[in-house]
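Examining the three-dimensional arrangement
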Amino acid sequence: MPPVRLTDAARDAALNALPDWVHDAQRDALYRSVLFADFAEALGAMVRIGVAADKADHHPEWSNVYNRLDIWLTTHDADGVSERDVALATVIDRIVGATAGGT
Ligand SMILES: C[C@H](O)[C@H](O)[C@H]1CNC2=NC(N)=NC(=O)C2=N1
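The rules behind each value
Every chain is numbered independently, its residues counted from 1 as its sequence is written. Predicted model: local features are reported for residues with pLDDT of at least 70 only, side-chain atom pairs are reported and counted for 80 or more only, and whole-chain, interface and lining totals are derived from all residues. Hydrogens and water are ignored here; the side-chain numbers use all heavy atoms of the structure. UniProt positions are given in the numbering used here, feature names are shortened, and annotations may be inferred rather than shown by experiment. Labels follow the DSSP assignment, with helices taken as runs of H or I lasting at least four residues and strands as runs of E lasting at least two, numbered in each case from the N terminus. Values of the radius of gyration come from C-alpha atoms, whereas the globule rule sets the reference at 2.2 Å times the count of residues to the power 0.38. Any two residues whose heavy atoms approach within 4.5 Å are treated as being in contact. By this rule, a helix spans an expected 1.5 Å times one less than how many residues it contains. The classification of residues rests on relative accessible area computed with a 1.4 Å probe and restricted to protein chains. Under 20% of the type maximum is buried, over 50% is exposed, and intermediate values are partly exposed. What makes a residue near a molecule or strand is one non-hydrogen atom of that residue sitting within 4 Å of it. We define a polar contact as two N or O atoms separated by no more than 3.5 Å, with the added condition that, inside protein, one atom must be a possible hydrogen donor and the other a possible acceptor, whereas residues neighbouring each other in sequence contribute only through side-chain atom pairs. Every accessible area reported is derived by Shrake-Rupley at a probe size of 1.4 Å, with residue values counting cover from the shown protein chains alone. For this classification, the nonpolar set comprises Ala, Val, Leu, Ile, Met, Phe, Trp, Tyr, Cys and Pro, the charged set comprises Asp, Glu, Lys and Arg, and every other residue, Gly included, is treated as polar.

For the protein chain, the name recorded in an unreviewed UniProt entry is Putative pterin-4-alpha-carbinolamine dehydratase, with Sphingomonas abaci as its organism. What the UniProt record of the protein chain gives under Sequence similarities (unreviewed entry) is the line "Belongs to the pterin-4-alpha-carbinolamine dehydratase family."

**Section: the overall build of the protein chain**
Looking only at helices and strands, one finds three helices and four strands in the protein chain. Seen in sequence order, the protein chain has helices and strands lined up from the N terminus as α-β-β-α-β-β-α. Radius of gyration (C-alpha) of the protein chain: 13 Å, near the 13 Å computed for a compact globule of 103 residues. In terms of overall dimensions, the protein chain has C-alpha extents of about 35 × 25 × 20 Å along its principal axes. Considering only intrachain contacts with a sequence separation of at least 6, the fraction spanning at least 24 residues in the protein chain is 64%.

**Considering helix 3 (residues 83-96)**
Between its first and last C-alpha atoms helix 3 spans 20 Å; for 14 residues at 1.5 Å apiece the expected length is 20 Å, and the two agree. Residues D85, V86, L88, A89, I92, D93, I95 and V96 constitute the buried set of helix 3. Looking at the buried side of helix 3, the elements it contacts are helix 1 (8-16), strand 2 (29-35), helix 2 (39-56) and strand 4 (68-73). Remark: G97 follows helix 3 within two positions and exhibits a positive phi of approximately 90°.

**Let's talk about the site of the ligand**
The environment of the ligand is formed by D57, H58, H59, T74, T75, H76 and D77. Within the side chain of H59, a nitrogen or oxygen atom sits 2.8 Å from a nitrogen atom of the ligand. Between the ligand and D77 there is a distance of 2.9 Å, counted from an oxygen atom to a backbone nitrogen or oxygen. Contact with the protein chains removes 67% of the 400 Å² of surface that the ligand exposes when unbound. Class assignment for the residues of the shell around the ligand results in no nonpolar, five polar and two charged.

Laid out in C-alpha coordinates, this is it:
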(Lines give C-alpha, C1' and ligand atoms only; values in the text may rest on other atoms or scores of the structure.)
Protein backbone atom coordinates (compact mmCIF):
# COMPACT_ATOMS: atom_id res chain seq x y z
CA MET A 1 0.00 0.00 0.00
CA PRO A 2 1.36 3.45 -0.80
CA PRO A 3 1.92 5.58 2.29
CA VAL A 4 -0.77 8.10 3.23
CA ARG A 5 -0.05 11.47 4.84
CA LEU A 6 -1.41 11.55 8.39
CA THR A 7 -3.86 14.30 9.30
CA ASP A 8 -2.40 16.91 11.64
CA ALA A 9 -4.54 15.48 14.46
CA ALA A 10 -3.36 11.91 13.83
CA ARG A 11 0.25 13.08 13.66
CA ASP A 12 -0.06 15.00 16.94
CA ALA A 13 -1.69 11.99 18.59
CA ALA A 14 1.24 9.84 17.45
CA LEU A 15 3.69 12.45 18.80
CA ASN A 16 2.08 12.18 22.24
CA ALA A 17 3.53 8.67 22.43
CA LEU A 18 6.94 9.89 21.16
CA PRO A 19 8.00 12.53 23.71
CA ASP A 20 11.47 12.98 22.21
CA TRP A 21 10.04 13.98 18.84
CA VAL A 22 8.43 17.20 17.64
CA HIS A 23 6.83 18.27 14.41
CA ASP A 24 9.11 20.43 12.27
CA ALA A 25 6.51 22.42 10.35
CA GLN A 26 9.00 23.85 7.86
CA ARG A 27 10.01 20.39 6.67
CA ASP A 28 6.70 18.73 7.59
CA ALA A 29 8.72 16.08 9.37
CA LEU A 30 9.10 14.41 12.74
CA TYR A 31 12.30 15.75 14.29
CA ARG A 32 14.57 14.55 17.06
CA SER A 33 18.14 15.38 17.99
CA VAL A 34 20.37 13.03 19.96
CA LEU A 35 23.64 13.77 21.75
CA PHE A 36 26.02 10.84 22.10
CA ALA A 37 29.17 10.50 24.16
CA ASP A 38 31.38 10.90 21.09
CA PHE A 39 31.53 10.46 17.33
CA ALA A 40 32.02 6.68 17.49
CA GLU A 41 28.76 6.28 19.44
CA ALA A 42 26.92 8.50 16.97
CA LEU A 43 28.31 6.62 13.99
CA GLY A 44 27.43 3.28 15.55
CA ALA A 45 23.83 4.40 16.05
CA MET A 46 23.68 5.68 12.47
CA VAL A 47 24.76 2.29 11.19
CA ARG A 48 22.16 0.48 13.29
CA ILE A 49 19.42 2.94 12.33
CA GLY A 50 20.51 2.82 8.70
CA VAL A 51 20.31 -0.97 8.56
CA ALA A 52 16.82 -0.96 10.14
CA ALA A 53 15.67 1.84 7.85
CA ASP A 54 16.92 0.12 4.74
CA LYS A 55 15.21 -3.13 5.76
CA ALA A 56 11.95 -1.19 6.07
CA ASP A 57 12.70 0.69 2.82
CA HIS A 58 12.07 3.94 4.66
CA HIS A 59 14.99 6.28 5.10
CA PRO A 60 15.79 9.15 7.46
CA GLU A 61 17.02 12.60 6.57
CA TRP A 62 19.76 13.40 9.02
CA SER A 63 22.78 15.49 9.85
CA ASN A 64 25.71 14.49 12.03
CA VAL A 65 28.32 16.75 13.59
CA TYR A 66 30.73 14.91 15.92
CA ASN A 67 28.49 13.58 18.74
CA ARG A 68 25.25 15.20 17.58
CA LEU A 69 22.70 13.55 15.32
CA ASP A 70 19.70 15.49 14.00
CA ILE A 71 17.00 13.34 12.42
CA TRP A 72 13.99 14.29 10.31
CA LEU A 73 11.42 11.70 9.31
CA THR A 74 9.10 12.48 6.46
CA THR A 75 7.60 10.43 3.66
CA HIS A 76 8.46 11.72 0.21
CA ASP A 77 5.89 9.47 -1.43
CA ALA A 78 3.14 10.95 0.80
CA ASP A 79 4.34 14.58 0.88
CA GLY A 80 4.37 14.64 4.66
CA VAL A 81 4.36 12.51 7.78
CA SER A 82 2.97 8.97 7.44
CA GLU A 83 2.71 5.90 9.65
CA ARG A 84 6.08 4.86 8.24
CA ASP A 85 7.69 7.82 9.98
CA VAL A 86 5.98 6.98 13.26
CA ALA A 87 7.20 3.39 12.93
CA LEU A 88 10.77 4.47 12.17
CA ALA A 89 10.76 6.97 15.07
CA THR A 90 9.77 4.11 17.36
CA VAL A 91 12.61 1.95 16.05
CA ILE A 92 15.08 4.83 16.45
CA ASP A 93 14.00 5.39 20.06
CA ARG A 94 14.58 1.70 20.70
CA ILE A 95 18.06 1.90 19.18
CA VAL A 96 19.29 5.11 20.81
CA GLY A 97 17.14 4.91 23.95
CA ALA A 98 14.10 7.05 24.51
CA THR A 99 15.06 10.35 26.18
CA ALA A 100 18.74 9.24 26.35
CA GLY A 101 20.41 12.45 25.38
CA GLY A 102 17.40 13.63 23.45
CA THR A 103 16.66 17.31 23.35
C1 LIG B 1 11.20 2.98 -4.16
C2 LIG B 1 11.28 3.13 -2.68
O3 LIG B 1 10.44 2.19 -2.04
C4 LIG B 1 10.84 4.50 -2.24
O5 LIG B 1 11.56 5.49 -2.94
C6 LIG B 1 10.98 4.70 -0.74
C7 LIG B 1 12.41 4.63 -0.25
N8 LIG B 1 12.61 5.30 1.01
C9 LIG B 1 11.81 6.31 1.39
N10 LIG B 1 12.09 7.01 2.49
C11 LIG B 1 11.36 8.05 2.85
N12 LIG B 1 11.68 8.74 3.94
N13 LIG B 1 10.27 8.41 2.15
C14 LIG B 1 9.90 7.76 1.04
O15 LIG B 1 8.89 8.13 0.42
C16 LIG B 1 10.68 6.65 0.63
N17 LIG B 1 10.35 5.94 -0.41
